[in-house]
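Coordinate analysis (summary)
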Amino acid sequence: MVDAENAWYFCLKHHTAEQGKACRGADRMGPYPDRATAERALEIARQRTDRADEQDRTWADDED
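Bringing the packing of aromatic side chains into the picture now. Counted according to the given criterion, the structure contains zero aromatic pairs. The lysine or arginine in question, Arg-28, covers the ring of Tyr-9, its NZ or CZ lying 4.8 Å from the ring centre.

Listed below in structure tokens is the structure:
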């Protein structure tokens, strides 16, 4: 488990990785275990969305 107070977050407002809860929760993605991972937050989210979309397509095809 990541210590939320000292963890890294990606700030959607500033488009930067930030340590700790400097910005409001609605503007943060995370927590992440390190700066490098926080910097990849948008890429990680995009990959997860693509996987979920593919699962939805597969599920929809199974229903036909």
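For the rest of this paragraph, the subject is the pattern of salt bridges. Overall, the coordinates contain four salt bridges when judged by the stated rule. With a closest N to O distance of 3.1 Å, Asp-27 and Arg-24 form a salt bridge. Taking relative accessible area as the criterion, Asp-27 reaches 15% and is therefore assigned buried. Between Glu-39 and Arg-35 there is a salt bridge, with its nearest N and O atoms 3.0 Å apart. Here the residue Glu-39 and the residue Arg-35 both occupy positions in helix H1 (residues 35-39), the gap between them amounting to four residues, near one helical turn.

The next point concerns the sheet that holds strand E2 (residues 16-19). One open sheet holds the three strands; their spatial order is E2-E1-E3, and the pairing between them is antiparallel. Each edge of the open sheet is held by one strand with a lone partner, namely E2 and strand E3 (28-32). Pairwise comparison of adjacent strand axes, ignoring direction, gives a mean angle of 30° for this sheet. Here four bridges tie strand E1 (residues 8-11) to E2, and the two strands are oriented antiparallel to one another. Opposite Trp-8, over in E2, you have Gln-19 as the bridge partner.

Turning to the side chain of Thr-37, a few remarks are in order. If you trace the backbone, Thr-37 turns up in helix H1. A polar side-chain atom of Thr-37 sits 2.7 Å from a polar atom in the side chain of Asp-34. Not counting the four nearest positions on each side in its chain, Thr-37 is found in contact with Tyr-32 and Ile-44.

The subject of this paragraph is the side chain of Glu-18. For Glu-18, the location among the structural elements is in strand E2. The side chain of Glu-18 sits in the buried core without any salt bridge; Arg-28 is the nearest counter-charge, 7.3 Å away. Within the local environment of Glu-18, its side chain forms a polar contact with the side chain of His-14, the two groups lying 3.2 Å apart. With sequence-adjacent residues up to four places away left out, Glu-18 is seen in contact with Ala-7, Trp-8, Tyr-9, Cys-11 and Cys-23.

Reading guide: rules and limits
Residues numbered from 1 in each chain as written. Predicted model: local features only at pLDDT ≥ 70, side-chain atom pairs only at ≥ 80, totals over all residues. Heavy atoms only, no water. Phe/Tyr/Trp six-rings, centres within 6.5 Å; stacked < 30°, edge-to-face > 60°. Lys NZ or Arg CZ within 6 Å of the ring centre and 35° of its normal. Salt bridge = Lys/Arg side-chain N within 4 Å of Asp/Glu carboxyl O. Buried < 20%, exposed > 50% of the residue type's maximum accessible area, 1.4 Å probe, protein only. Helix = DSSP H or I, 4+ residues; strand = E, 2+ residues; numbered from the N terminus. Pairing = 2+ DSSP bridges. Axes fitted to C-alpha atoms, helices over the stretch in contact; angles between N-to-C directions. Polar contact = N/O pair within 3.5 Å; in protein donor to acceptor, adjacent residues only side chain to side chain. Contact = heavy atoms within 4.5 Å. Lys, Arg positive; Asp, Glu negative; His and termini not counted.

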